[in-house]
Amino acid sequence: MSDFGPGTEVSESYGETTVDVPADGWLGLLTRCRDAGYEFFDWLTGVDDPPGGFTVVAHLYNPVARRQVLLRTRVPRDDPRLPSAVGVYRGANWHERETFEMFGVIFDGHPNLVPLLLPDGFEGHPLRKDFVLAARVAKAWPGAKEPGESGQGSPSRRKTLPPGVPAEWGPPPTPGEDTDA
């Protein structure tokens, strides 16, 4: 398939085809791809691309031609909306629900756009880059201890806060600790 329709920008890299389309051409592009033999809907997800918005990406496969294509579109951060692809590919259902929950992208016309993975009452969208990982401050990360915490071996490294956590949320510096990092 060489003609992906009006408004599309096609690029090839390492034998892989990527097609970028404006948000208003998203459903049309998905429909053209399905009708051209890309009948296997592999996955759909979001990418937080500050400050402008989000990129929604879908991967399709043509089992007869043994070709794959990556489709991308952008939605603005202040109103991240895109028409639902469930009418074109039923398999998009779960992927759109996950992208809605993790990034806050609203898929208009989705038959059941409700939370899928997070517990009831969860606030925010955890895969957005501006989402603060407050739990990392409230509770230590499980797993291996930092060097020096086991009581043997090398001295401990300076404690740092997880990325995106405001400095005022962290523990107070210990006496004599350098706070100008």
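Look above for the structure.
Residues numbered from 1 in each chain as written. Predicted model: local features only at pLDDT ≥ 70, side-chain atom pairs only at ≥ 80, totals over all residues. Heavy atoms only, no water.

## Section: the sheet that holds strand β4 (residues 53-62)
Right, on to step 1. The strand order across the open sheet built from five strands is β1-β2-β5-β4-β3, with neighbouring strands paired in mixed fashion. The open sheet has two free edges, formed respectively by β1 (9-13) and β3 (40-49), since each of these has just one partner strand. The mean inter-strand angle of the sheet, taken between neighbouring strand axes irrespective of direction, is 20 degrees.
Right, on to step 2. Inspection of the sheet shows β4 paired to strand β5 (residues 67-76) by ten bridges, in the antiparallel sense. Of the residues in β5, the one forming a bridge with Asn62 is Arg67.
Right, on to step 3. Taken strand by strand, helix α1 (residues 26-35) contacts β2 (16-20), β3, β4 and β5, and its axis lies near 170 degrees from that of β5.
Right, on to step 4. Relative to β3, helix α2 (residues 92-103) is tilted by about 10 degrees, and along the sheet it contacts β3 and β4. (Pairing = 2+ DSSP bridges. Helix = DSSP H or I, 4+ residues; strand = E, 2+ residues; numbered from the N terminus. Axes fitted to C-alpha atoms, helices over the stretch in contact; angles between N-to-C directions. Contact = heavy atoms within 4.5 Å.)

## Observations regarding the pairing of β3
Right, on to step 1. Two elements, β3 and β4, share nine bridges in a ladder whose sense is antiparallel. Looking at β4, one finds that Leu44 is bridged to Ala58.

## A word on the nonpolar core
Right, on to step 1. Membership of the largest hydrophobic core comes to 28 residues, with the highest contact counts inside it found for Trp26, Leu30, Cys33, Leu60, Leu71 and Tyr89.
Right, on to step 2. Within the residue set of this core, elements represented by two or more residues are α1, β3, β4, β5 and α2.
Right, on to step 3. Here Leu60 is in contact with Leu30, Cys33, Tyr38, Phe40, Phe41, Arg67, Gln68, Val69, Leu71 and Tyr89, once residues within four sequence places are set aside. (Core = buried A, V, L, I, M, F, W, Y, C linked by side-chain atoms within 4.5 Å. Buried < 20%, exposed > 50% of the residue type's maximum accessible area, 1.4 Å probe, protein only.)

## Considering the packing of aromatic side chains
Right, on to step 1. Within this structure, the stated rule accounts for three aromatic pairs.
Right, on to step 2. Measuring from ring centre to ring centre gives 5.4 Å for Phe41 and Tyr89, while their planes differ by 40 degrees; the resulting arrangement is tilted. Of this pair, Phe41 sits in strand β3 while Tyr89 sits in the loop between β6 (81-83) and α2, and the two are 48 residues apart along the sequence. An identical accessibility class is assigned to Phe41 and Tyr89; each is buried. (Phe/Tyr/Trp six-rings, centres within 6.5 Å; stacked < 30°, edge-to-face > 60°.)

## As for the environment of Leu27
Right, on to step 1. Summarising the element assignment, Leu27 is placed in helix α1.
Right, on to step 2. Separated by 60 residues in sequence, Leu27 and Gly87 place their C-alpha atoms 9.1 Å apart.

## As for the pattern of salt bridges
Right, on to step 1. Scanning the model with the defined rule gives six salt bridges in all.
Right, on to step 2. The residue Arg77 makes a salt bridge to Asp48 at a minimum N-O spacing of 2.2 Å. One end of the pair, Arg77, is in the loop between β5 and β6; the other, Asp48, is in strand β3, and 29 residues separate them in sequence.
Right, on to step 3. Asp48 sits in the buried class, given a relative accessible area of 3%.
Right, on to step 4. Two residues, Arg81 and Asp108, come together in a salt bridge whose shortest N-O distance is 2.6 Å. Of the two residues, Arg81 sits in strand β6 while Asp108 sits in strand β7 (residues 106-108), which places them 27 residues apart along the sequence.
Right, on to step 5. Its relative accessible area of 37% is what places Asp108 among the partly exposed residues. (Salt bridge = Lys/Arg side-chain N within 4 Å of Asp/Glu carboxyl O.)

## Brief notes about α2
Right, on to step 1. For α2, built from twelve residues, the straight-helix expectation of 16 Å at 1.5 Å per residue is met to within 8% by its first-to-last C-alpha distance of 16 Å.
Right, on to step 2. Buried within α2 we find Ala92, His95, Glu96, Arg97, Thr99, Glu101, Met102 and Phe103.
Right, on to step 3. Packed against the buried residues of α2 are β3, β4, β6 and β7. (Expected span 1.5 Å × (residues − 1).)

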